[in-house]
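Results of the structural survey
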Amino acid sequence: AQSVTQLGSHVSVSEGALVLLRCNYSSSVPPYLFWYVQYPNQGLQLLLKYTSAATLVKGINGFEAEFKKSETSFHLTKPSAHMSDAAEYFCAVKRANTGNQFYFGTGTSLTVIP
Amino acid sequence: KAGVTQTPRYLIKTRGQQVTLSCSPISGHRSVSWYQQTPGQGLQFLFEYFSETQRNKGNFPGRFSGRQFSNSRSEMNVSTLELGDSALYLCASSLEAGHQETQYFGPGTRLLVL
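Here we summarise the structure given alongside this text. (Residues numbered from 1 in each chain as written. Chains lettered and ligands numbered in written order. Predicted model: local features only at pLDDT ≥ 70, side-chain atom pairs only at ≥ 80, totals over all residues. Heavy atoms only, no water.)

**Brief notes about the sheet that holds strand β8 (residues 74-78) of chain B**
All names here are of chain B. One open sheet holds the four strands; their spatial order is β1-β3-β8-β7, and the pairing between them is antiparallel. On the outer flanks of this sheet lie β1 (5-7) and β7 (64-68), each paired with one strand and no other. Within this sheet the neighbouring strands show an average axis-to-axis angle of 20°, counted without direction. (Pairing = 2+ DSSP bridges. Helix = DSSP H or I, 4+ residues; strand = E, 2+ residues; numbered from the N terminus. Axes fitted to C-alpha atoms, helices over the stretch in contact; angles between N-to-C directions.)

**As for the environment of Gly84 of chain B**
Of note, Gly84 of chain B is situated in the loop between β8 and β9 (87-94). It is 17 Å that separates the C-alpha atoms of Gly84 of chain B and Gly108 of chain B, two residues lying 24 residues apart in sequence.

**Considering the side chain of Ser109 of chain A**
Residue and element names in this part refer to chain A. With respect to the helices and strands, the residue Ser109 is situated in strand β12 (residues 108-113). Here Ser109 falls in the buried class, since its relative accessible area comes to 19%. Setting aside chain neighbours within four positions, we find Ser109 in contact with Ser9, His10, Val11, Ala87 and Glu88. (Buried < 20%, exposed > 50% of the residue type's maximum accessible area, 1.4 Å probe, protein only. Contact = heavy atoms within 4.5 Å.)

**Regarding the pairing of β8 of chain B**
Residues and elements named next belong to chain B. With five of five residues buried, β8 is to be regarded as a mostly interior element. Alternating positions in β8 separate into two faces, Ser74, Met76 and Val78 on one and Glu75 and Asn77 on the other, with burial throughout. Of the pairings in the sheet, the one linking β7 to β8 comprises five bridges and is antiparallel in character. Along β8, the bridge assignment pairs Phe64 with Val78. Between β7 and β8, which pair antiparallel one after the other, the connecting turn spans five residues, and Ser72 there sits at a positive phi close to 75°.

**Quick look at the state of the cysteines**
For the structure on display, the rule yields two disulfides over all chains. Across the disulfide from Cys23 of chain A sits Cys91 of chain A; the S-S distance is 1.9 Å. Classification of the bridge connecting Cys23 of chain A and Cys91 of chain A rests on its S-S torsion, roughly -60°, and on that basis the disulfide is left-handed. Here Cys23 of chain A, found in the loop between β3 (19-21) and β4 (24-26), pairs with Cys91 of chain A, found in strand β10 (residues 87-94); they are 68 residues apart in sequence, far enough to count as distant. Accessibility assignment for this pair places Cys23 of chain A and Cys91 of chain A in one class, buried. A sulfur-sulfur separation of 1.7 Å characterises the disulfide bridge that pairs Cys23 of chain B with Cys91 of chain B. The chirality of the disulfide connecting Cys23 of chain B with Cys91 of chain B is left-handed, given an S-S dihedral of about -55°. Residue Cys23 of chain B is found in strand β3 (residues 19-24), and its partner Cys91 of chain B is found in strand β9; the two are separated by 68 residues along the sequence. (Disulfide = S-S within 2.5 Å.)

**So, the side chain of Glu101 of chain B**
Take Glu101 of chain B: it is sitting in the loop between β9 and β10 (104-105). Of the side chains with opposite charge, Lys49 of chain A comes closest to the buried, unpaired Glu101 of chain B, at an N-O distance of 6.7 Å. Looking at Glu101 of chain B, its side chain comes within polar contact range of the main-chain nitrogen of Glu96 of chain B, at 3.4 Å. Not counting residues up to four positions away in its chain, the partners in contact with Glu101 of chain B are Phe34, Lys49, Lys94 and Asn100 of chain A together with Ser94, Leu95 and Glu96 of chain B. (Lys, Arg positive; Asp, Glu negative; His and termini not counted. Salt bridge = Lys/Arg side-chain N within 4 Å of Asp/Glu carboxyl O. Polar contact = N/O pair within 3.5 Å; in protein donor to acceptor, adjacent residues only side chain to side chain.)

**Quick notes on the interface of chain A and chain B**
Across the boundary between the two partners, chain A contributes 20 residues, which contact 25 residues of chain B. Summing both partners gives a buried area of about 1,800 Å² for chain A against chain B, and 50% of it is carried by carbon and sulfur. On the surface where chain A and chain B come into contact, there are zero salt bridges. One can count seven residue pairs in polar contact (both at pLDDT 80 or more) joining chain A with chain B. Going through the elements one at a time, β5 (32-38), β6 (44-50) and β10 of chain A are the ones with two or more residues in the side of chain A that touches chain B. Here the element with the most residues in the side of chain A that touches chain B is β5 of chain A; it accounts for four residues. Per-class residue counts for the side of chain A that touches chain B are nine nonpolar, eight polar and three charged. (Buried area = accessible area lost by both parts, 1.4 Å probe. Nonpolar A, V, L, I, M, F, W, Y, C, P; charged D, E, K, R; others polar.)

Here it is, written out as structure tokens:
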């Protein structure tokens, strides 16, 4: 089965500090990996996705993620946190034989301290 | 281009009733997927429709059903509502149905069952 694990349901960082949100996947074949962000009372917005073209993926709002096959990880980072980054972040994976079905992690709530 | 729209945004029903939620995908998108989001279970896949055909279905009881129209708009129906059906229901659309496709989410319909 293909799934993702997000370590840390809550992460707090100071404004201007590095943001690191962890995601590990379990898969026997290279997966398609995604990071989405959800602001209160809104749907999910795509931050970035990995589709095997490049291991370092740059997304919107200064976020990036690195695919590390040896560690089965796809951690999300941002060099300097901004107050507007406070939200819920979801890592998700798709597998080739189930089309568009996402398997989502449990989410990480990011708090940015001024 | 307009994003994914969902109606209604909020809904209150009582146990035993049925409900229909609507999703209009981004213009030109042919795949529509539905997800249920709850605090306890997180984001769970309900089903996916492509060209009016259900392609994939999650592990939900038969009370949950859906359909897609020729203009790609989709509806989901929940019959005999239970308290546990209270959730945010998210719709997502993509151009095609492949696993490499990027899905765009709507704002969701928040259903409260009393």
